[in-house]
Amino acid sequence: MNTIETPDRGTPARDSATTVTLTIDGRAVSVPAGTSVMRAASEAGIEILRLCATEGLEAFGSCRLCICEIDGRRGYPSSCTTPAEAGMNVRTQSPKLADLRRGVMELYISDHPLDCLTCAANGDCELQTQAGLVGLRQVRYGWDGANHLKAAKDESNPYFAYDPSKCIVCNRCVRACEEVQGTFALTISGRGFASRVAAGMDEPFLESECVSCGACVQACPTATLQEKSVIEMGLPEHAVVTTCAYCGVGCGFKAEMQGNRVVRMTPWKDGRANEGHACVKGRFAWGYATHKDRVTKPMIRAKITDPWREVSWDEAIAYAAGEFRRLQAEHGRGAVGGITSSRCTNEEAYLVQKLVRAAFGNNNVDTCARVCHSPTGYGLGQTFGTSAGTQTFKSVAHSDVVLVIGANPSDAHPVFASRLKRRLRQGAKLIVVDPRRIDLVASPHVKAEHHLQLKPGTNVAVLDALAHVIVTEGLVDEAFVAERCDARSFGQWRDFVARPENSPEALEAVSGVPAAAVRSAARLYATRGLNAAIYYGLGVTEHAQGSTAVMAIANLAMATGNVGREGVGVNPLRGQNNVQGSCDMGSFPHELPGYRHISDSTVRAEFDAAWGVTLDPEPGLRIPNMFDAALGGSFKGLYVQGEDIVQSDPNTQHVGAALEALECLVVQDIFLNETAKFAHVFLPGSSFLEKDGTFTNAERRISRVRRVMPPLAGLADWEVTVRLANALGYPMDYAHPEAVMQEIAALTPSFAGVSYEKIERLGSVQWPCHAGTDEAGTSVMHVGGFVRGKGRFVITAYQPSDERANRRFPLLLTTGRVLSQYNVGAQTRRTANTAWHDEDRLELHPSDAELRGVADGDWVGITSRAGETVLRARVSERVAPGVVYTTFHFPESGANVITTDSSDWATNCPEYKVTAVEVTKVTQPSEWQRRYRSFNEAQLRAHAERETAAAAAK
């Protein structure tokens, strides 16, 4: 891939129907009205010197290097702040301009260390480059008197250093923090000579509100803000464009390399999902890929109490295949199954589900999307006809009203959150529906119009109440519904939500949300003429009524006409990097790639012919069914690729017991994770830096993942699956993941136009991407009509969860994530991100804490009907009385020990967000934690003994 980005034009592009023509250095240039002279010159191939200007930020005009001469104007205006006008005659070069620029640069250098040869930014410093371009040869000032050359460095941030002695006060970092990130953590402290960048209230960076997104580092034109990896390792010598392997935003990155070693990850300016922005995880937390905990040799053992035995790839794969065949011979074809990974590529997920269906001969395949967004697939499929979000992330720039429900973008999808906050600062209105007071409710320059702080488990009640107001107050977009939606289902739905029992007043006691607030929020969302968009996350799907809530959201969008154009829609915020892709690839027991049901004989015939098998028409086991069948004795073997189901699935003790009952558990991963500690075969996995393929993000965007270093274990994940299939007697023969994508495109209509060549040429594509077109797919879904034809309204009656507070368990627990950690923490816990969050804590309201005699920092026991664990308390008003909250990033916390096996009625998605609990002050770990520590120590010892044996053999 050519990693040369589109050039930095100095100031942002302008969108205008009016064009102006001017002359710059004798060349006629036509640009949209509002374009700066600097950008107009750049588009004509004329580069004007600059330091404070960069394309991603609004012009500031402080450095004075970009001055120009304009006929009819006095002085020397800054080209970055001067709009192009029709008939202008501009000169960017003259003896006088050269003399002025040289003088300006001399003043900059007069208070700047002259240590270029030993500076970490040597060769990558704009100040150095511009000094050369102006022809600076001497500095006459600054050698006597006051200067900043001995200003103390701030190295508190684990990822970058701040050296104020090299700061030229260009303000780029401050503006990046404000305009791009939206955190407002940086300021210019002092005046005149005393001016310097400051974090927070002149605090160390680590103690400030800085979220370490890296926007300031990216913007800095000198070595003032510099990655520590570059300081330690030196500058990279080549770069490869790839895609981040953290959340579902799917940011494009340049992996900047020295040979096979990553020096830094910088956000790719041409990445469609992120447009040059990043978060602390993607930007800095990539060191896990070469962490000392990586397991790079295959291992086998007969029992989980045995030490591991290090073996060759051939022996490990032969052993796994032999065990699977033995188990099927003894217990039947359905005795084994597989789990695909939402961390792995589309191609790898496709191969695993193909292995299960073609080599195992059953449909016992599932994915972690089961425990996060399976209700999205079901709910949107029922209403719209397709199982994915409707818009691009960029679409939010056209939204006038945004409803965020059950999602915390600032922590879980921070690059999208920055886009959203930018739009809110421009005047869009925000409605937040969440049991917690998330950052979006009130943060710098952003305040929600409404925070509907509902009780956990009552999403459907609130959504029905919003719908009641829209229907009974005449806020329905009747023309849209008549043209685009099924009349019969709409009539039934309208009659249902109009019932008095669905009014905000009737449901106020259920949800805890004041009726007046619901009415006001509904009127805002349904305001005629405004674009209203809904974004939702796991706080919607991980409920017993998760699928019902997704359909209720779709109902709202259809009723108000907010589908099928920019700035509107229904947008699920997918949790992991390839949750969308793993679903698209047929990772569910009832669906083949492209969401086509396994019982459809016509579809099955296509795959039978392509794969050379006869597929089983009966759906297989879901993950919860696999666990139950394992405990029941009929399910004996499981192949898990890249998922840590012990830590991520609910009711940990139930999961552990099920895995202990298996006779052969094969785990393919990069670390000895919690699931691998129950395994009999460990197949080393590969990180995203070690493989080729594609990820599909939450906006259906298919982006390339490119190998930047050889697999540490010798094989990429897709190669391991191919070898296992061959050992099982089912031939797979692929030279490269590109061949796998060609097969996917041939068998999956929505991917028919997808190819590596097209992705290389266009940067990314979005499905549906039809064959025979050179376009980059579909950015906005359901334009002019729904995929299913007419949009279908579904009656969404509220049903209380079985998990309700009572005298024994008077509190409701809900769960979520924090910015610095990710999912089960296997990656981020092995990086410096632990500087911000090194343990899971339990948030509880001051009134609940006082009632129980709990102070901030105390150890508390949390008990549910599923189990008990112990965490440290954080007393916080973010949660309402009666609600407690925790994260699940650390295995020893045991957050999922207390979550129950309650699940969504349609998809078995676990109800993580509602667990009835009691909290008490304690001084000892829970019984489960004691057992966990003993088991964990034994497993680590078994691994260490393997290491000792391997060392002795050498």
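Along each chain, residues carry numbers from 1 onward, in the same order as the chain's sequence is written. Predicted model: local features are reported for residues with pLDDT of at least 70 only, side-chain atom pairs are reported and counted for 80 or more only, and whole-chain, interface and lining totals are derived from all residues. Note: side-chain values were computed over all heavy atoms of the structure, leaving out hydrogens and water.

## Some words on the sheet that holds strand β9 (residues 238-243)
- As summarised here, the arrangement of the three strands in space is β9-β10-β11, forming an open sheet in which the pairing is antiparallel. Edge positions in the open sheet fall to β9 and β11 (261-267), since each of these has one partner strand only. Strand-to-strand twist of the sheet, defined as the mean angle between neighbouring strand axes without regard to direction, takes the value 30°.
- Whether two strands pair depends on DSSP finding at least two bridges between them. Per the convention used, a helix needs a DSSP run of H or I reaching at least four residues, while a strand needs a run of E reaching at least two, with both numbered from the N terminus. Where β9 and strand β10 (residues 252-258) come together, six bridges link them in antiparallel fashion. Counterpart to V240 in the pairing with β10 is A255. Between the N-to-C directions of two axes lies an angle of 0 to 180 degrees, each axis being a line fitted to C-alpha atoms and, for a helix, fitted only over the stretch in contact.

## Some thoughts on the UniProt feature "domain: 4Fe-4S Mo/W bis-MGD-type" (unreviewed entry) in the protein chain
- UniProt positions are given in the numbering used here, feature names are shortened, and annotations may be inferred rather than shown by experiment. The sites that UniProt annotates as "domain: 4Fe-4S Mo/W bis-MGD-type" (unreviewed entry) are residues 237-293.
- Helix and strand shares over residues 237-293 are 9% and 35% respectively, and the end C-alpha atoms of the span are 28 Å apart.

## Considering the sheet that holds strand β34 (residues 868-875)
- One closed barrel accounts for six strands, arranged β31-β35-β32-β34-β33-β36; its pairing is mixed. Neighbour-to-neighbour, the strand axes of the sheet open up by a mean angle of 45°, direction not taken into account.
- Note: strand β31 (residues 811-816) against strand β36 (residues 915-921), three bridges, orientation antiparallel. Within the sheet, the bridge partner assigned to L811 lies in β36 and is V917.

## Considerations on the pattern of salt bridges
- Just to be clear on terms, a salt bridge is a Lys or Arg side-chain nitrogen sitting within 4 Å of an Asp or Glu carboxyl oxygen. The full count for this structure, using the stated rule, is 58 salt bridges.
- Measuring nitrogen to oxygen at the nearest pair gives 2.9 Å for the salt bridge that ties E126 to R172. Of this pair, E126 sits in helix α3 (residues 126-134) while R172 sits in helix α4 (residues 172-181); the two residues are 46 residues apart in sequence, bridging distant segments of the chain.
- Here the term buried applies to any residue with accessible area under 20% of the maximum for its type, exposed to any over 50%, and partly exposed to those in between, with areas from a 1.4 Å probe on protein chains only. What makes R172 buried here is its relative accessible area of 2%.
- We note a salt bridge from R494 to E478, for which the minimum N-O separation is 3.9 Å. Of the two residues, R494 is situated in helix α15 (residues 487-497) and E478 in helix α14 (residues 478-484); the sequence distance between them amounts to 16 residues.
- With a relative accessible area of 32%, R494 lands in the partly exposed category.
- Owing to a relative accessible area of 43%, E478 belongs among the partly exposed residues under this scheme.
- Connected through shared salt-bridge partners, D124, E227, E256, R264 and R283 make up one network.

## Remarks on helix α19 (residues 546-559)
- To estimate the expected span of a helix, subtract one from its residue number and multiply by 1.5 Å. Given a rise of 1.5 Å per residue, 14 residues ought to cover 20 Å, and the 20 Å separating the end C-alpha atoms of α19 matches this to within 8%.
- G561 lies just past α19 and shows a positive phi near 75°.

## As for the packing of aromatic side chains
- The criterion for an aromatic pair is that two Phe, Tyr or Trp rings (for Trp, the six-membered ring) have centres within 6.5 Å, with stacked assigned to planes under 30 degrees apart, edge-to-face to planes over 60 apart and tilted to the rest. Counted according to the given criterion, the structure contains 21 aromatic pairs.
- Centroid distance Y246 to Y822: 5.2 Å. Interplanar angle 80°. Geometry classified as edge-to-face. Taken together, the positions of Y246 in the loop between β9 and β10 and Y822 in the loop between β31 and β32 (841-844) put the pair 576 residues apart, joining distant regions of the chain.
- Of the residues examined, Y822 reaches a relative accessible area of 3% and is grouped as buried.
- Counting every residue linked through ring pairs, the aromatic cluster contains Y159, F160, Y162, F205, F284 and W836.
- Stacked on the ring of Y822, the Lys or Arg R817 has its end atom at 5.4 Å from the ring centre. Charge-over-ring placement is defined geometrically: NZ (Lys) or CZ (Arg) within 6 Å of the ring centre, and within 35 degrees of the ring normal.

## Regarding the nonpolar core
- Membership of the largest hydrophobic core comes to 71 residues, with the highest contact counts inside it found for F160 and L225.
- If you tally residues by element for this core, the top one is helix α12 (residues 414-425), at four residues.
- Contact between two residues is taken to exist if any of their heavy atoms lie within 4.5 Å; hydrogens are not considered. Setting aside chain neighbours within four positions, we find F160 in contact with D154, F205, C210, S212, C216, V217, L225, Q226, E227, K228 and F284.
- For this analysis, a nonpolar core means a set of buried residues of the types Ala, Val, Leu, Ile, Met, Phe, Trp, Tyr and Cys, connected via side-chain atoms within 4.5 Å. In this structure, A321, A388, L592 and C769 belong to the second largest nonpolar core, which totals 65 residues.

## With respect to the UniProt feature "domain: 4Fe-4S His(Cys)3-ligated-type" (unreviewed entry) in the protein chain
- According to UniProt, the positions carrying the feature "domain: 4Fe-4S His(Cys)3-ligated-type" (unreviewed entry) are residues 96-135.
- The span residues 96-135 shows a helical share of 57% and a strand share of 0%, and its end C-alpha atoms are spaced 14 Å apart.

## A look at the packing of helix α9 (residues 346-360) against helix α25 (residues 717-727)
- The geometry of α9 relative to α25 is characterised by a closest axis approach of 9 Å and an angle of 15° between their N-to-C directions. Considered as vectors, α9 and α25 are oriented roughly parallel to each other. Considering only the axes of α9 and α25, their crossing is left-handed. Between α9, through E348, L351, V352 and L355, and α25, the contact on the second element is made entirely by D717, W718, T721, V722, L724 and A725. Reported orientations rely on four angle classes, namely roughly parallel under 35 degrees, roughly antiparallel over 145, roughly perpendicular from 65 to 115, and oblique for the rest. Less than a right angle of anticlockwise turn of the near helix away from the far helix marks a crossing as left-handed, whereas a clockwise turn marks it as right-handed.

## Overview of the pairing of β31
- With six of its six residues buried, β31 lies for the most part within the structure.
- In β31, alternate side chains face the same way, and those of L811, L813 and T815 on one face and L812, T814 and G816 on the other are all buried.
- With five bridges connecting them, β31 and strand β35 (residues 883-887) associate as parallel partners. Residue pairing across strands places T814 opposite Y885, the latter belonging to β35.

## A closer look at the pairing of β35
- Burial runs high along β35: five of the five residues are buried.
- Taking every second residue as pointing to the same face, both faces of β35 are buried, with V883, Y885 and T887 on one and V884 and T886 on the other.
- Pairing of β32 with β35, which is carried by two bridges, proceeds in the antiparallel orientation. What sits directly across from E843, in β35, is Y885.

## Things to note about the domain arrangement of the protein chain
- Residue ranges for the domains trace back to a domain assignment, done automatically or taken from a database. When the domains of the protein chain are assigned, the result is domain 1 (19-93), domain 2 (126-290), domain 3 (299-372 + 578-762), domain 4 (374-572) and domain 5 (811-934).
- The gap between the C-alpha centroids of domain 2 and domain 5 is 35 Å.
- In this complex, domain 2 contributes 14 residues to the contact, which on the side of domain 5 involves twelve residues.
- Once two parts are put together, the accessible area they lose, assessed with a 1.4 Å probe and summed over both, is termed the buried area. Note on domain 2 versus domain 5: buried area summed over both sides is about 1,100 Å², and carbon and sulfur give 68% of it.
- Of all residues in domain 2, Y246, K281 and Y288 give up the largest surface area on contact with domain 5, accounting jointly for 42% of the area buried on that side.

## What about the side chain of R175?
- Among the structural elements, R175 can be located in helix α4.
- Charge assignment: positive for Lys and Arg, negative for Asp and Glu; neither His nor the chain ends contribute. Lacking a salt bridge, the buried R175 has E179 as its closest oppositely charged neighbour, with an N-O distance of 5.1 Å.
- Among all residues touching R175, those that are not within four sequence positions of it are C52, L57, E58, A59, F60, C170 and V180.

## Remarks on unusual backbone geometry
- Looking along the chain, the bond that leaves W767 and enters P768 is cis, with omega of 0°.
- With respect to the helices and strands, the residue P768 is situated in the loop between β30 (765-766) and β31.
- A positive phi angle, near 70°, is found at R64, a position not held by glycine.
- Relative to the helices and strands, R64 resides in the loop between α1 (37-43) and β3 (69-70).
- The backbone phi angle of N908 is positive, close to 65°, even though this residue is not glycine.
- Here N908 falls in the partly exposed class, since its relative accessible area comes to 22%.

## Things to note about the environment of G789
- As for its position among the elements, G789 is in the loop between β30 and β31.
- Residue G789 is classed as partly exposed on the basis of its relative accessible area of 39%.
- Between the C-alpha atom of G789 and that of R484, which follows or precedes it by 305 residues, the distance is 8.0 Å.

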